[in-house]
Every structure is written in structure tokens, then in C-alpha cells.
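Chain by chain, the residues run as shown.
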2 protein chains.
Amino acid sequence: MKNYSKQREDVLNAIKELKNHPTAEEIYSKVKENNSTASKGTVYRNLKNLVIDKKIIKISKIEGPDRYDLVNYPHYHAICASCGKVFDFVYDFDVANIRKSLKKQIGENIDINDFSLQILCDKCKNKLQKN
Amino acid sequence: MKNYSKQREDVLNAIKELKNHPTAEEIYSKVKENNSTASKGTVYRNLKNLVIDKKIIKISKIEGPDRYDLVNYPHYHAICASCGKVFDFVYDFDVANIRKSLKKQIGENIDINDFSLQILCDKCKNKLQKN
DNA sequence: CTTAAAATAGGAATAATTCCTATTTTTATA
DNA sequence: TATAAAAATAGGAATTATTCCTATTTTAAG
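None of these values were measured; they are calculated from a predicted model.

Undergrad: Sorry, what's going on with the protein's contact with DNA strand C here?
TA: Around DNA strand C, 17 residues are found, and the nearest of them are S5, T37, S39, T42 and R45 of chain B. For DNA strand C, the backbone portion of the atoms within 4 Å of the protein, that is sugar and phosphate, comes to 68%. Within the backbone of S39 of chain B, one N or O atom sits 2.7 Å away from a phosphate oxygen of DNA strand C. When contributions to the surface near DNA strand C are tallied by element, the ones reaching two or more residues are α3 (40–52) of chain A together with α3 (40–52) of chain B. Ranked by the residues each element gives to the surface near DNA strand C, the list is headed by α3 of chain B, at four residues.

In C-alpha cells form, the structure reads like this:
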């Protein structure tokens, strides 16, 4: 996992071009549009490798397939639990201290890849309040 | 969404019984095992409703289908992106300030429901590095 | 009651993801 | 460099996960 293959670069570049949390399918389409030779299996394999490598994160929405986004600190995600809308935001979390606290509590030297705030956006909050 | 249907209760109970972040398929199996009438469509619909209702969270892993787990306040979750293991932890996030910052950035008075840290646990970190 | 709205069963249809094999590319090292 | 082993890929089939459809039932509202 030291040097990236041409295809892995193609996958990463496609995500950069697409900007808004694309699905694997959308990434595959963009990759083909860019005349990459990458097959579907290759796209999925490299998405997985890029997550492991902390270049991207995988975002689960309440509906539909999972999505991907670049890791771009300090840049976190607030995801609406209802509609799945993803809001990017920046905040100066004390990551080192949180990591230390986690180690104390769960006894592992875990890597923090992302903060995902689970939220309710205004639109959904209003809609749900009617129930 | 005030009162739960029998089937929605069945889905929630299945997750309680299964304990370890089951997939929708595993939940469906357990539900049938418990002689619920719930169909597959009903299970998926209610999983979605339970997430909206903050009774459960949806967990995305690097591989395999999404999983579900109970929400257990008042602590937060650190979720391994690879194996899906959920670590409970407590931390004194300045929720009011984060909320204020979010409002400034995205212009919405969002409710923060949960913090989910996306992590790689020690075990997975070691295993995945071999690839 | 009566009607409208919401939820469900059953399973087909669709979409997402993984897997397989032959081939190519990269890496290590002699 | 040559060469053997390891890793990555193409192409697409196979599998799995998820959504969707229609008729029916249940719940909520007036």
C-alpha cells in the first residue's frame, strides 16, 4: 500500500472531482468517463483500501447505498439521521486528548478516522414534530 | 411514530436479543424465528424508522452490509470502520459550543443526536496492514 | 360508524457488492 | 538485468442486499 496504482489514483481523483459524497456506482461512472481502465471490482477494492489508508471515509446514510468522501482535516461530517443529508463542517476538536481518553476507557490505541455527528436537520425536525 | 406497531417492536426486540451489530438479514431471521409476521420489506422500513426515532444507529463497515445497534445513552460511540465493533465511551464534548459553531457554518439550528467516531481498532489495524 | 391514512405481507424487481480466473504489473533479490 | 513471487487488475458472472409493488389489514380522525 506504499505506492498507488494508476487505478487507485483514478478512483481517488474521481472522488475529488465529484465533490458531493458519491456512491461507489457514481465513482465507477466517473472513473470510466475519465477513460480509466478500472473495472468495477477494482473500484470497490480500492475504495476499501483508501478507507484503510484514511484517504477517504465511508458514509452510511439512512437510505440508499453508502457514500464516500475525502478525508480533509479539519473537516468533519454532520449527518442527518432522517434524510441522510451530509453537512461538512470544521471544528477544533482536541483529537489528541480524545484519543487519550479513549485509550484509557477502552484500552486500545485506536486511530480516529473521522467524527460523524448524527443530527436532525431543520427540515426533518419540523417534519417529525408534526407526528 | 408515537406508538409502535407489533412488527416494529419485533424488530427492536430482535436487535436487543442479537446484541452484536446484526445485519438486516440477521434481524429478519431472528424476527421470523420469533414467529413475527414481519416481512422483509417491513423489517427494512422499521429499521429506517427506528433510526429516525433514535432507538438504533446504522453502522457502516468497510466490507459487508450495514449493521444496526441499540442507542444507549448517555455515552457516545466509536465504531471500527472495518469490523464494526462499537466501543462505548464518555467524553465531555462542549455540545453547546459545537452546536453554535454548526449554526454559524451551515445556518441551521440542528439537534445533535449523537457523536460517532469512526475509528480503526487495534486488531483491524494490524490485520489490514498485511494486505 | 365511516373514511382516510398508515402499515403490512409476500415476493418480484432492482441495485449493490463480491467473487472468480486469466492476465498484467510490481516488487524483491540474486 | 533476469526471474520468481506477490499483488493488482479486467471483465463480467454470481451473489447478496435493498427497494418496490399491489392487495389487504390496521390504525387514526372526524
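Anyway, onward from the coordinates.
Undergrad: Would you take a moment to explain helix α4 (residues 95–106) of chain A for this structure?
TA: Side chains of residues three or four places apart in an α-helix project in the same direction, reflecting 3.6 residues per turn. Residues and elements named next belong to chain A. Taking 1.5 Å per residue as the helical rise, α4 with its twelve residues ought to reach 16 Å, and the 16 Å between its terminal C-alpha atoms agrees with that figure. Within the sequence span of α4, burial applies to I98, S101, L102 and I106. When α4 is viewed along its axis, its buried side chains cluster within an angular range of 105° and face the same direction. Projecting away from the buried face of α4 at angles above 90 degrees are the exposed residues A96, K100 and K104.

Undergrad: So what exactly am I meant to see when it comes to the protein's contact with DNA strand D here?
TA: Taken together, 18 residues surround DNA strand D, and among them S5, T37, S39 and R45 of chain A together with Y44 of chain B come closest. Restricting the count to atoms of DNA strand D within 4 Å of the protein gives a sugar and phosphate share of 71%. In this structure, T37 of chain A approaches DNA strand D through a side-chain N or O atom, which is 2.3 Å from a phosphate oxygen. Take G64 of chain A: an N or O atom from its main chain is 2.9 Å from a phosphate oxygen of DNA strand D. Of all the secondary structure elements, the ones that give two or more residues to the surface near DNA strand D are α1 (6–18) and α3 of chain A together with α3 of chain B. A per-element tally of the surface near DNA strand D places α3 of chain A first, with four residues. Grouping the amino acids of the surface near DNA strand D by side-chain chemistry returns four nonpolar, nine polar and five charged.

Undergrad: It is not clear to me how the packing of helix α1 (residues 6–18) of chain B against helix α2 (residues 24–33) of chain B should be interpreted in this structure. Could you clarify?
TA: For any two helices packed against each other, the geometry comes down to the angle between their axes and how far apart the axes lie. Residues and elements named next belong to chain B. Across the interface, α1 lies against α2 with an axial gap of 9 Å and an inter-helix angle of 105°. In terms of orientation, α1 and α2 fall into the roughly perpendicular class. Between α1 and α2, the contacting residues are D10, V11, A14, I15, E17 and L18 on the first element and E26, I27, K30 and V31 on the second.

Undergrad: Whenever I open this one, the interface of chain B and chain A confuses me. Can you help?
TA: By a frequent convention, interface size equals the accessible area lost on bringing the separate parts together. Taken together, the 45 residues of chain B in the interface contact 47 residues of chain A. Here chain B and chain A share an interface that buries about 4,300 Å² over both sides, 56% of which is from carbon and sulfur atoms. Connecting chain B to chain A are two salt bridges. Across the pair K48 of chain A and E63 of chain B runs a salt bridge, and its minimum N-O distance is 3.1 Å.

Undergrad: Would you explain the domain arrangement of chain A in this entry?
TA: Residues and elements named next belong to chain A. Domains assigned within chain A are domain 1 (1–71) and domain 2 (73–131). In this structure, domain 1 and domain 2 have C-alpha centres spaced 22 Å apart. Counting from both sides, the interface comprises eleven residues of domain 1 and, opposite them, 13 residues of domain 2. The junction of domain 1 with domain 2 conceals about 930 Å² of combined surface from both sides, 62% of it contributed by carbon and sulfur atoms. At the surface where domain 1 touches domain 2, the tally comes to zero salt bridges. Put simply, domain 1 and domain 2 have one residue pair in polar contact (both at pLDDT 80 or more) between them.

Undergrad: Looking at this model, I keep getting lost on the packing of aromatic side chains. Mind explaining?
TA: What characterises a pair of aromatic rings is the spacing of the ring centres plus the angle enclosed by the ring planes. Scanning the entire structure with this criterion turns up seven aromatic pairs over all chains. Pairing Y76 of chain B with F93 of chain B gives two aromatic rings, centres 5.3 Å apart and planes at 75°, and the pair type is edge-to-face. Here the residue Y76 of chain B occupies a position in strand β3 (residues 76–80), and F93 of chain B occupies one in the loop between β4 (86–89) and α4 (95–106), the gap between them amounting to 17 residues. When its relative accessible area of 15% is taken as the criterion, Y76 of chain B is described as buried. The exposure class of F93 of chain B is buried, given its relative accessible area of 7%. In this structure an aromatic cluster arises from ring pairing among Y76, F89, Y91 and F93 of chain A together with Y76, F89, Y91 and F93 of chain B.

Reading guide: rules and limits
Residues numbered from 1 in each chain as written. Chains lettered and ligands numbered in written order. Predicted model: local features only at pLDDT ≥ 70, side-chain atom pairs only at ≥ 80, totals over all residues. Heavy atoms only, no water. Near = heavy atom within 4 Å. Polar contact = N/O pair within 3.5 Å; in protein donor to acceptor, adjacent residues only side chain to side chain. Helix = DSSP H or I, 4+ residues; strand = E, 2+ residues; numbered from the N terminus. Expected span 1.5 Å × (residues − 1). Buried < 20%, exposed > 50% of the residue type's maximum accessible area, 1.4 Å probe, protein only. Arc of directions from axis to C-beta. Nonpolar A, V, L, I, M, F, W, Y, C, P; charged D, E, K, R; others polar. Axes fitted to C-alpha atoms, helices over the stretch in contact; angles between N-to-C directions. Parallel < 35°, antiparallel > 145°, perpendicular 65-115°, else oblique. Contact = heavy atoms within 4.5 Å. Buried area = accessible area lost by both parts, 1.4 Å probe. Salt bridge = Lys/Arg side-chain N within 4 Å of Asp/Glu carboxyl O. Domains from an automatic or database assignment. Phe/Tyr/Trp six-rings, centres within 6.5 Å; stacked < 30°, edge-to-face > 60°.

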